[in-house]
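# Architecture at a glance
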Amino acid sequence: MPEAERVAATEWWARLRRRLSVLGGHMEKLERYLESNFAVPPKNPSEEAQRRWREAVGAIVKNRRRRFRMVPDLDRRSEDKAKVRSAQEKIRVAIYVNQAAIIFSDGVKKKEYQLTEDIMKAGFSINPDELASITSKHDLKALKMHGGVDGISQKVRSAFDHGICASDLDTRQNIYGVNRYAEKPSRSFWMFVWDALQDITLIILMVCALLSAVVGLASEGWPKGMYDGLGIILSILLVVTVTAASDYKQSLQFKELDNEKKKIFIHVTRDGYRQKISIYDLVVGDIVHLAIGDQVPADGLYIHGYSLLIDESSLSGESDPVYVSQDKPFILAGTKVQDGSAKMIVTAVGMRTEWGRLMSTLSEGGEDETPLQVKLNGVATIIGKIGLVFAALTFLVLLVRFLIEKGMTVGLFKWYSTDALTIVNYFATAVTIIVVAVPEGLPLAVTLSLAFAMKKLMNDKALVRHLSACETMGSAGTICTDKTGTLTTNHMVVDKIWIAEVTKSVTSNNSLEDLNSVVFSSTLSLLLQGIFENTSAEVVKEKDGKQTILGTPTERAILEFGLILEGDHDAEDRTCTKVKVEPFNSVKKQMAVLVTLPSGKSRWFCKGASEIILQMCDLVIDGDGNGIPLSEGRRKDILGTINFFASDALRTLCLAYKEVEDIDENAVSPTSGFTLVAIFGIKDPVRPGVKDAVKTCMSAGITVRMVTGDNINTAKAIAKECGILTAHGIAIEGPQFRSKSPDEMRALIPKIQVMARSLPLDKHTLVKNLRGMFHEVVAVTGDGTNDAPALHEADIGLAMGIAGTEVAKESADVIVLDDNFSTIINVARWGRAVYINIQKFVQFQLTVNIVALVINFVSACITGSAPLTAVQLLWVNMIMDTLGALALATEPPNDEMMMRPPVRRGESFITKVMWRNIMGQSLYQLVVLGVLMFGGEKLLNIKGADSKSIINTLIFNSFVFCQVYCLSGCASKVNFLH
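Each value, and the rule that gives it
Residues numbered from 1 in each chain as written. Predicted model: local features only at pLDDT ≥ 70, side-chain atom pairs only at ≥ 80, totals over all residues. Heavy atoms only, no water. Helix = DSSP H or I, 4+ residues; strand = E, 2+ residues; numbered from the N terminus. Buried < 20%, exposed > 50% of the residue type's maximum accessible area, 1.4 Å probe, protein only. Contact = heavy atoms within 4.5 Å. Areas by Shrake-Rupley, 256 points an atom, 1.4 Å probe, with all protein chains shown as cover. pLDDT = per-residue confidence, 0-100. Pairing = 2+ DSSP bridges. Axes fitted to C-alpha atoms, helices over the stretch in contact; angles between N-to-C directions. Polar contact = N/O pair within 3.5 Å; in protein donor to acceptor, adjacent residues only side chain to side chain. Patch = residues over 30% accessible without salt bridge, like charges linked within 9 Å, V, L, I, M, F, W, Y side chains within 5 Å. Salt bridge = Lys/Arg side-chain N within 4 Å of Asp/Glu carboxyl O. Lys, Arg positive; Asp, Glu negative; His and termini not counted. Charge placed at Lys NZ, Arg CZ, Asp CG, Glu CD. UniProt positions renumbered as here; feature names shortened; annotations may be inferred.

Right, let's talk about the overall build of the protein chain for a bit. The secondary structure content of the protein chain amounts to 34 helices and 26 strands. Looking at the protein chain as a whole, 54% of its 978 residues are labelled buried. Excluding contacts between residues fewer than 6 apart, the proportion of contacts in the protein chain whose partners are at least 24 apart in sequence is 73%. With an accessible surface of roughly 43,000 Å², the protein chain has 57% of that area assigned to carbon and sulfur atoms.

Quick look at the confidence of the model for the protein chain now. Residues with a pLDDT of 70 or more make up 88% of the protein chain, whose mean pLDDT is 82. The model gives residues 568–572 a pLDDT under 50, and that stretch makes 7 contacts with residues more than four places away or in other chains.

A sheet is described by the order of its strands in space; here 8 strands give the open sequence E8-E26-E25-E24-E9-E21-E23-E22, paired in mixed fashion. Whereas interior strands pair on both sides, the edge strands pair on one side only; in this sheet they are strand E8 (462–464) and strand E22 (730–733). For this sheet, the mean angle separating the axes of adjacent strands, direction not counted, is 20°. Note: E8 against strand E26 (residues 814–816), 3 bridges, orientation antiparallel.

Before going further, it helps to spend a moment on the side chain of threonine 535. For threonine 535, the location among the structural elements is in the loop between helix H20 (521–533) and strand E12 (538–541). Within polar-contact distance, the side chain of threonine 535 engages the backbone nitrogen of alanine 537 at 3.0 Å. In terms of polar contacts, threonine 535 uses its side chain to reach the side chain of glutamate 555, at 2.8 Å. Excluding residues that lie within four positions of it along the chain, threonine 535 makes contacts with Glu555, Lys578, Met591 and Lys607.

The next subject is the environment of isoleucine 825. Mapped onto the elements, isoleucine 825 comes out in helix H31 (residues 821–862). Given a relative accessible area of 3%, isoleucine 825 falls into the buried group. Through-space distance from the C-alpha of isoleucine 825 to that of glycine 474 is 9.7 Å; in sequence the pair is 351 residues apart. Aside from chain neighbours lying at most four places away, what touches isoleucine 825 is Ile479, Ala693, Thr696, Cys697 and Met898.

Let's shift gears to a negative patch on the surface. On the surface, Glu661, Asp662, Asp664 and Glu665 cluster together into a negatively charged patch. Topologically, aspartate 662 is positioned in the loop between strand E19 (650–660) and strand E20 (674–683).

Attention shifts here to the UniProt feature "transmembrane region" (unreviewed entry) in the protein chain. Summarizing the sequence annotation, UniProt attributes the feature "transmembrane region" (unreviewed entry) to residues 200–219, 225–245, 382–404, 424–453, 846–868, 874–892, 913–934 and 954–976 in the numbering used throughout. What you have in residues 382–404 is 100% helix and 0% strand, and the ends, taken at the C-alpha atoms, are 33 Å apart. This span, residues 913–934, is 100% helix and 0% strand, and a straight line between its end C-alpha atoms measures 31 Å.

Now the structure itself:
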């Protein structure tokens, strides 16, 4: 190569690098601007951050009604909060002040309730409003007047053991109401059409079209004079119809998903058997079974239960839980069961409850906007401002050139109707440039993509409660998962048992008979007594007469084992009286019950985590059925048995008892002096597909950590089987983890793959440190009430749909309906698809914007006319905003997406590769269209009076086909974006 050419080439490359450097600087400024004005956290954004980006959008919005349709109204939300506070204050007055008023109201005349003919004809003996007021006002005096809870049950024709008759449902709903509160009707299709017509640019174009039609008719006559104006109006109607249809379809999808979120089921006794029904089918008189984590579905009266604590903060604002008993039997709808269990009889439903009245007054304030929606609102604002400048300049250039040419030919004092038509068309073209340039479809495309993903995930057993979760899950770098029910099947059976210093496999009838032959009858009776008395599971009769066991999988497995083993051992194990029950507690990791025996003695039974129960024991039942001291040697042997069970991937539980002299209902279960009876080894197999799912996570750059309350050896065995615990990772116990200092945690946390014997607080601490110290995007699973803080703290909280409590589900962002770990990976897959699809759409739309703006502006400056007319630009806008979004934003995920690392916090949404693609594609299109514009007639040998129209038509078609190729290019490869 000659020296001169080499120097020229070097200078050209230097200029290119400088320009690229300038472009990179502008990109960094753009990112900084978006970060400072359009950044909101994925969960719980502050009101200040939400208001900041709304103000930053300013007036560059064509249609506020449509663009902010999926964004909450902050002022209305504040009004709703004020309504809730006011209602809580009224409820507090009703509950506390009213109680004092009732005590001193003997001489005050009370409101009289009449029994109408309909009520008496239906066989009921109490007025619906009177029944509702007894519970809502905590009116003990009125309750006693009606014969207490027993009297109320008779007056509403219900029985504690039998419940109501299902045949009475319609009658009860007619008299006492349905368990629904008044909701606003859904929006019709025509309301979305009206929203689409609120676009200020379309309104201006309609005015221009009418002016064009009027002037055209005056100057060119019918029908030629109508072509331009009618063409614009028809294009606007087409755009409005397609836009409204797309928005209406989205609203139906969100409505369907919203209905799924509201589906809550509760256990009731009806027709003498236990069944699971929707809370919306609940009626007055139903006998409802409440357990820890349940949301109370209706107002009711306590029948009986154990240690029932109710959290009334959502209704009354009081943070202290309320202890409910037969002395204080009132339970209100909307409250939550914090501890214990109970049966209650429903006394009021729907709009007769305080909760129903409160919910009906609140507006549907909308869901918090997602980070992508906000960021793309920022991008749309920036491009909109640029488009506004280009549109104004285009109109000015066209107008000035027209005036100059007119002044040089006929003079500025002679005006014709055609001149007015020309200026109107210029103005319409400028306004249409704004239509195309302001990419209102960007933030709405996120909504479309999320709605599509949420619908597909619903079919795949994942219910997304919050829009942002679906988006954020694609960036998850860590998943902290439970073991039981998520990695395992949750179908538990007792596989081995250690009793009377003997270890036996109990998976067959023969082995059970062998156990009967080697263990004393008195020891087996004690074992069965501990199983049947100290359990939260129960045997219930189903509709077909068959018996089934209800309860947690662990409790069901042990009770089922006890029923099989029971045989002839029923002397005293079923004749005890329960005095006090302490339900299972994830902090203590045990449950206990105090019973009185037929002989008059009292006995505590305790069951729970093996190591914890073993520490509480001083004695152990030997082979002769006697209690002998638990020496260090025996203790070491028993620990060896526990570890042997755990290493075989069995969940271990110990059962122990203690005789006590004094009975005190308020006493807490002892922490020492117990006698060890048995150790259960419970098998819970790993779910099929979990190992492959974990492998997929690793290839996708997602770290899976198991956090469980089980024995560390059980956890390690399961983690190795799943592929979670590797040679480079460590397993740690909760007590050891929480004893570490922050600096020690910083060094330790990256290596942790298994955390066993953990408390809910340990899970919360791990999640908090992963997010704070390491800036990870963290997803966490949970099912219990105590998991709510960790679910709330995580970027994505995943609650279990089967094993999860209502409290956990309410705190979660996604509900995994089948409790399967593979479903969680599917959520991550769709999250990545949403992110990548939106990137594709942004790349496509920015390319179209740049080309449309530049080609019209350059043509206006050089030729004095715009090759793309208002009708053509409206058509392009429809392709961009609606059809382009449908094509790109709804693309399903593929395996390639899970072969690269997740997008980390703070990474640019519009990547350098995307900018390269946008600039390259725009340059290519501008060259093609420029050649046609300035040399098309000569190149294609087009002559005649209509040559200009032919060339403009060719330019428009070429422009459209360029967008089609650009669209297919955006949709083809993920790697083109990164």
